[in-house]
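Structure assessment
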Amino acid sequence: MLMLSILLNYTQPEHIAMTISPNAAELYSRVERFIPAIEWPAFSGDIDAILKLKRERNAVILAHNYQTPEIFHCVADIVGDSLALARKAMEVEAEVIVLAGVHFMAETAKLLNPQKTVLIPDMGAGCSLADSITPQDVRLMRQRYPGVPIVTYVNTSAAVKAESDICCTSGNAKAVVESLGVPRVIMLPDEYLAQNIAAQTDVEIIAWRGHCEVHERFTPDDIRELRASHPGVTVLAHPECPPEVVAEADFAGSTAAMSDYVGREKPARVVLMTECSMSDNVAVDHPDVEFIRPCNLCPHMKRITLANIRTALEEMRHPVTIDPNLAERARLSVERMLAI
Ligand code: 13P
Ligand code: SF4
């Protein structure tokens, strides 16, 4: 009985606030709806160490919207979608960038910061879209469609970007496609993103057969069932979802666009057809919005943890390197996108 009472006491957030430093209590208050108080001590040691290591190493942490709340809200300096992370990477003054996200994001940060050390805490944090296409595939597409510009999603390797004319993200794909002023473009490698953009523009789009393993699993039936069981729910979908899913949704946009939509429209109930941590991270700033949470986990994003961010900073691993022969061409594709 005594043990149970100690445990119950311990799990109260106020108790946490009284027994740890004001800074740690403030950090915990950001994530207390997602991390039970009893689990917090398992995170707080790594968080303290990471905050100290960032100062010692003159490092910043860039975290994608799909990172878990304890990373996103407690240690990250800059958060956002792929486009925001690329833009903000250019403004970083620190000597070291830790990319809490997947490998292509770390490569993009390195392309834009060749003099800085860019670390990815787990080299296995890949992406099914990046794996769906090789530089040789891009060269073959160019041969097959001579003179047609190649727009490449940032979810690709630097080697693929180097074979492309310009990059895009889900946040700017339509603007990039239309900026080229041509009737036809090749858009690689996400077939669904290409189809979703084709539905919004007069530009003809030739697609590749790559898919995001997280977003391809959503179906229109999922949305119909959600609407039946949660009347009035607003459905937001990422444009990596199949077009039939986007057609059933109320709004489609990048992770940042979905987050902005919630802030702007303040729906009473919302569901985000995307990766699971996204709802947790957005919900922190919108306690009055009810988040319905069917979601799919991205196994690559989930490879990044507080523990391996701490190790990355302690041991300065794993530094991202890009073959100098292709870095300049890949950078050009990213810079052309950022200029739009
Ligand atoms: P955003 O650019 O919308 O953040 O998407 C990145 C991503 O990997 C989505 O699966
Ligand atoms: Fe790649 Fe999909 Fe994971 Fe995004 S969610 S990193 S597109 S596998």
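Residues numbered from 1 in each chain as written. Chains lettered and ligands numbered in written order. Predicted model: local features only at pLDDT ≥ 70, side-chain atom pairs only at ≥ 80, totals over all residues. Heavy atoms only, no water.

As annotated in an unreviewed UniProt entry, the chain is Quinolinate synthase from Borborobacter arsenicus. Among the UniProt annotations of the chain, the heading Catalytic activity (unreviewed entry) holds the following wording: "iminosuccinate + dihydroxyacetone phosphate = quinolinate + phosphate + 2 H2O + H(+)". According to its UniProt record, the chain has this under Pathway (unreviewed entry): "Cofactor biosynthesis; NAD(+) biosynthesis; quinolinate from iminoaspartate: step 1/1." (UniProt positions renumbered as here; feature names shortened; annotations may be inferred.)

Overview of the UniProt feature "binding site: iminosuccinate" (unreviewed entry) in the chain
Using the residue numbers shown here, the UniProt feature "binding site: iminosuccinate" (unreviewed entry) corresponds to H64, S82, Y153, V154, N155, S170, H238, P239, E240 and T255. For the largest cavity, the lining residues drawn from the annotated set are H64, S82, Y153, N155, S170, H238, E240 and T255. Mapped onto the elements of the fold, H238 is located in the loop between β9 (234–237) and α13 (243–248). The topology assignment puts P239 in the loop between β9 and α13. Taking the relative accessible area as the measure of exposure, P239 reaches 8% and is therefore buried. (1 Å grid on protein atoms, 1.4 Å probe; cavity = no way out; pocket = protein on both sides within 12 Å on 5 of 7 lines; lining within 4 Å. Helix = DSSP H or I, 4+ residues; strand = E, 2+ residues; numbered from the N terminus. Buried < 20%, exposed > 50% of the residue type's maximum accessible area, 1.4 Å probe, protein only.)

Structural notes on the site of ligand 1
Lining the immediate environment of ligand 1, one finds H64, Y66, D81, S82, N155, S170, H215, H238, E240, S254 and T255. One of the side-chain nitrogen or oxygen atoms of N155 is found 3.3 Å away from an oxygen atom of ligand 1. Within the side chain of T255, an N or O atom sits 2.6 Å from an oxygen atom of ligand 1. Protein contacts shield 96% of the accessible area of ligand 1, which totals 300 Å² for the unbound molecule. Applying the majority rule of atoms within 2 Å of the grid points places ligand 1 in the largest cavity. Counting residues domain by domain, the shell around ligand 1 receives three or more from each of domain 1 (2–125 + 302–315) and domain 3 (215–297). (Near = heavy atom within 4 Å. Polar contact = N/O pair within 3.5 Å; in protein donor to acceptor, adjacent residues only side chain to side chain. Areas by Shrake-Rupley, 256 points an atom, 1.4 Å probe, with all protein chains shown as cover. Sits in = over half its atoms within 2 Å of the grid points. Domains from an automatic or database assignment.)

Quick look at unusual backbone geometry
The omega torsion across L188 and P189 is -15°, close enough to zero to call that bond cis. Phi is positive for K266, which is not a glycine, with a value near 40°. Along the chain, the position of K266 falls in the loop between α14 (255–265) and β11 (269–273). For K266, a relative accessible area of 54% translates into the label exposed.

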